Amino acid sequence: MKKSEIEDKKTLSSWYNYSGPEDDVILSSRIKLVRNLADFPFVVKASKMDKERICSIICDAFNQKEEYAYIKKSDISDFGRKILFDKNILPLDPKFDFSGLFLSSGENLYALLNNKEHLKLIAFASGFQPEYLMQEIYKLDEYLQSKLQFAASYEFGYLTSQLKDCGTGMKLSLRIFIPSTVIQNAFTDLIKYLKDRHFSIKSVFENSARNCIFDIFPETSFDGSELDQLAEMQALGTYILKTERKFRSKLADNNSTIVLDLVKKMYVMGMNALLLDYSEVEEILNAIKLGLQLGILSGIEESELNALYYTTKDGHLIYLIDNYSFSYEDDIKNSLSMQIQRLRAVVVQQAMGKIIFK
């Protein structure tokens, strides 16, 4: 397979292909907003007829939003679910219940119908952009409020089936890349800092040998107003940025040989492997990002590395295999799993071919 074969098959339609502010540390920002229609039972108590009626009402409200496409759950194939899973839109679990979803043309905002709540709005952005996301999702919420009546009370705010989501119904979260904090053994201090502020932290790649990518999110939605929650997330993100960059500076000064060894080993693996599974790519990208940030190498952008966390997943690669013609070595051309690993290696090598070590 030649690298040039996939040169023209990239697309910038998805949000994760774009750079964002502070994306060396904060890979992406996410916001969730949940709502329920008034005069209908929560999903857990709703009948089939209730759910159909809820879908019909919400779909009518979206009619004038041409930038959104509606997909019924019954129309999503196993392959389609895999792609949506890779983009953090749906879990793979077949027991995950919902009626359908609206997906924006840029794939950065979607609306999930009849999951735990009647309506769940979720939006993504690259880098550290909680304020931008809040503005965008509340534009849609304001439009929907002009068409729909949501369940709310003066005392409890927006009413949801999950107590932790009552109040504003909003949750902001960040995906962070903090290898220097982890390597410098300061991760426990960060966990305590988050816990004291009622935030949780979860590893994104549970099977990684070097966990350094995490999601952070508030425990509840009813601690203060939307602006209070935004201010808290902005302060938290700023703290993480300063902390990681401080430890990165120390790492560069005190562990140059150890870090250079790690970066070069991962670079050699990425440039020479013929087959790569996703966990190996994650290890490679983590090391190359750290090398870029420490000034060990150049020639590649943070945004390109961040996008590779998504574009090297199975769903995206299966899409390429199904829609474009590639040639494979004889011993793997009849195995889809091997084709995926082969194409993944080529995608990584194509991106890393521009890297220059200083």
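As the structure is a prediction and not an experimental result, all values here were calculated from the model.

Engineer: Please explain the overall build of the protein chain as it appears in this structure.
Structural biologist: Of the regular secondary structure elements, the protein chain holds eleven helices and twelve strands. When each of the 358 residues of the protein chain is scored for burial, the buried share is 53%. The contacts of the protein chain with a sequence gap of at least 6 include a subset with a gap of at least 24, amounting to 71%. Taken as a whole, the protein chain presents about 17200 Å² of accessible surface, with 51% of it coming from carbon and sulfur.

Engineer: How should the packing of aromatic side chains be read in this particular structure?
Structural biologist: The relative placement of two aromatic rings is captured by the distance of their centres and the angle of their planes. This model, assessed by the stated rule, comprises 13 aromatic pairs. Here the aromatic rings of Phe187 and Phe214 are separated by 4.7 Å at their centres, their planes lie at 25°, and the arrangement is stacked. With Phe187 in helix α5 (residues 187-196) and Phe214 in strand β10 (residues 213-218), the pair connects residues that are 27 residues apart, well separated along the chain. Residue classification places Phe214 among the buried positions, given a relative accessible area of 5%. Here the aromatic rings of Tyr193 and Tyr239 are separated by 3.7 Å at their centres, their planes lie at 10°, and the arrangement is stacked. With Tyr193 in helix α5 and Tyr239 in helix α6 (residues 226-254), the pair connects residues that are 46 residues apart, well separated along the chain. Three or more aromatic residues joined by ring pairs make a cluster, and in this case those are Trp15, Tyr16, Tyr110, Phe124 and Tyr310. Positioned above the aromatic ring of Tyr193, the side-chain terminus of Arg197 is 3.7 Å from the ring centre.

Engineer: What's the story with the packing of helix α8 (residues 278-293) against helix α11 (residues 336-352) in this structure? I'm lost.
Structural biologist: How two helices sit against one another is set out by the angle between their axes and by the gap between those axes. The N-to-C vectors of α8 and α11 enclose an angle of 10°; their axes lie 11 Å apart at closest approach. Taken as axis vectors, α8 and α11 run roughly parallel relative to one another. Residues Tyr278, Val281, Ile284 and Ile288 of α8 touch α11, and the partners they reach there are Arg344, Val348 and Met352. Here the contact of α8 with α11 is composed, by residue class, of six nonpolar, no polar and one charged.

Engineer: Would you take a moment to explain the environment of Gln129 for this structure?
Structural biologist: By secondary structure assignment, the location of Gln129 is in the loop between β5 (119-126) and α3 (130-147). Relative accessible area serves as the criterion here: at 21%, Gln129 is assigned to the partly exposed category. When the C-alpha positions of Gln129 and Arg30 are compared, they lie 8.5 Å apart, and in sequence the two are 99 residues distant. Setting aside its immediate chain neighbours within four residues, Gln129 contacts Gly20, Pro21 and Ser29. Separated by 2.7 Å, the side chain of Gln129 and the backbone oxygen of Ser126 make a polar contact.

Engineer: What's the story with the packing of α8 against helix α9 (residues 302-311) in this structure? I'm lost.
Structural biologist: At their nearest, the axes of α8 and α9 sit 10 Å apart, and the two run at 165° to each other. In terms of their interaxial angle, α8 and α9 are classed as roughly antiparallel. In the crossing of α8 with α9, the sense of the turn from one axis to the other is left-handed. Facing Tyr278, Glu282, Leu285, Asn286, Ile288, Lys289, Leu292 and Gln293 of α8, the residues of α9 in contact are Glu302, Leu305, Asn306, Leu308 and Tyr309.

Engineer: Is there a simple way to explain unusual backbone geometry in this structure?
Structural biologist: Most of the time, phi is negative for any residue but glycine, and the peptide bond is trans. Although it is not a glycine, Glu107 sits at a positive phi angle of roughly 60°. Among the secondary structure elements, Glu107 is positioned in the loop between β3 (100-104) and β4 (109-113).

Engineer: In this structure, what is going on with the sheet that holds strand β2 (residues 68-72)? I would like to understand it.
Structural biologist: For sheets, the rule is that strands pair by backbone hydrogen bonds, running either parallel or antiparallel. Overall, antiparallel pairing links the eight strands, which are arranged β2-β3-β4-β5-β1-β8-β10-β9 in an open sheet. Both edges of this open sheet fall to β2 and β9 (199-203), since each of them pairs with a single strand only. Taken over all neighbouring pairs, the strand axes of this sheet differ in orientation by 20° on average, direction set aside. Pairing analysis gives seven bridges linking strand β1 (residues 26-35) to strand β8 (residues 170-177), with the strands arranged antiparallel. Within β8, the residue paired with Leu33 across the bridge is Met170.

Engineer: Explain α6 to me, please; I cannot follow it from the model alone.
Structural biologist: In an α-helix, one full turn covers 3.6 residues, which means residues spaced three or four apart are oriented alike. Over its 29 residues, α6 runs 42 Å from end to end, which matches the ideal 42 Å to within 8%, given 1.5 Å per residue. Taken together, the buried positions of α6 are Gln229, Leu230, Met233, Leu236, Gly237, Ile240, Leu241, Thr243, Glu244, Phe247, Arg248 and Leu251.

Engineer: Help me understand the side chain of Thr220, please; the structure alone is not making it clear to me.
Structural biologist: Mapped onto the elements, Thr220 comes out in the loop between β10 and α6. Looking at Thr220, the relative accessible area reads 18%, which means it is buried. The residues contacting Thr220, other than those within four sequence positions of it, are Lys164 and Lys171.

Engineer: What is the right way to read the pattern of salt bridges from this model?
Structural biologist: Oppositely charged side chains can pair when the atoms bearing their charge come close. Enumeration over the complete set of coordinates arrives at 17 salt bridges. Between Lys51 and Asp97 there is a salt bridge, with its nearest N and O atoms 3.8 Å apart. Highlighted residues: Lys51 in helix α1 (residues 48-61) and Asp97 in the loop between α2 (78-86) and β3, separated in sequence by 46 residues. Assessed through its relative accessible area of 21%, Lys51 is described here as partly exposed. Among the residues examined, Asp97 registers a relative accessible area of 38% and is labelled partly exposed. We note a salt bridge from Lys73 to Asp97, for which the minimum N-O separation is 3.3 Å. Here Lys73, found in the loop between β2 and α2, pairs with Asp97, found in the loop between α2 and β3; they are 24 residues apart in sequence, far enough to count as distant. One network of salt bridges, in which partners are shared, links Glu22, Asp24, Arg245 and Arg248.

Reading guide: rules and limits
- Think of each chain on its own: its residues are numbered from 1, step by step along the sequence as written.
- Note on the predicted model: pLDDT of at least 70 is required for a residue's local features to be given, and 80 or more for side-chain atom pairs to be given and counted; whole-chain, interface and lining totals, by contrast, use all residues.
- Excluding hydrogens and water, the side-chain values take into account all heavy atoms of the structure.
- Put simply, DSSP H or I for four residues or longer makes a helix, DSSP E for two residues or longer makes a strand, and each gets a number counted from the N terminus.
- Working definition: with a 1.4 Å probe on protein chains only, accessible area under 20% of the residue-type maximum means buried, over 50% means exposed, and in between means partly exposed.
- Residue contacts are defined here by distance: any two heavy atoms, one from each residue, within 4.5 Å place the two residues in contact.
- Per-residue and other accessible areas were derived by the Shrake-Rupley procedure at a 1.4 Å probe size, with only the shown protein chains allowed to occlude residues.
- Only Phe, Tyr and Trp rings take part, Trp by its six-membered ring, and two of them pair if their centres are within 6.5 Å. Stacked means planes under 30 degrees apart, edge-to-face means over 60, and tilted covers everything else.
- Lysine and arginine charges are scored as sitting over a ring when NZ or CZ, respectively, is within 6 Å of the ring centre and within 35 degrees of the ring normal.
- Helix axes are fitted only over the stretch in contact, all axes being lines through C-alpha atoms; the angle between N-to-C directions runs from 0 to 180 degrees.
- Geometric relationships in this document are graded by angle, where less than 35 degrees denotes roughly parallel, more than 145 denotes roughly antiparallel, 65 to 115 denotes roughly perpendicular, and other angles denote oblique.
- Amino acid classes used here: Ala, Val, Leu, Ile, Met, Phe, Trp, Tyr, Cys and Pro are nonpolar; Asp, Glu, Lys and Arg are charged; the rest, including Gly, are polar.
- A 3.5 Å cut-off defines polar contacts: any pair of N or O atoms within that distance qualifies, except that in protein one atom must be a possible hydrogen donor and the other a possible acceptor, and neighbouring residues in sequence count only when both atoms are side-chain atoms.
- When the near helix sits turned anticlockwise from the far one by under a right angle, the crossing is termed left-handed; a clockwise turn instead gives a right-handed crossing.
- In this scheme, strands are said to pair when DSSP sees at least two bridges between them.
- Here the expected span of a helix is defined as 1.5 Å times the quantity of residues minus one.
- Between Lys or Arg on one side and Asp or Glu on the other, a salt bridge is scored when a side-chain nitrogen of the former is within 4 Å of a carboxyl oxygen of the latter.

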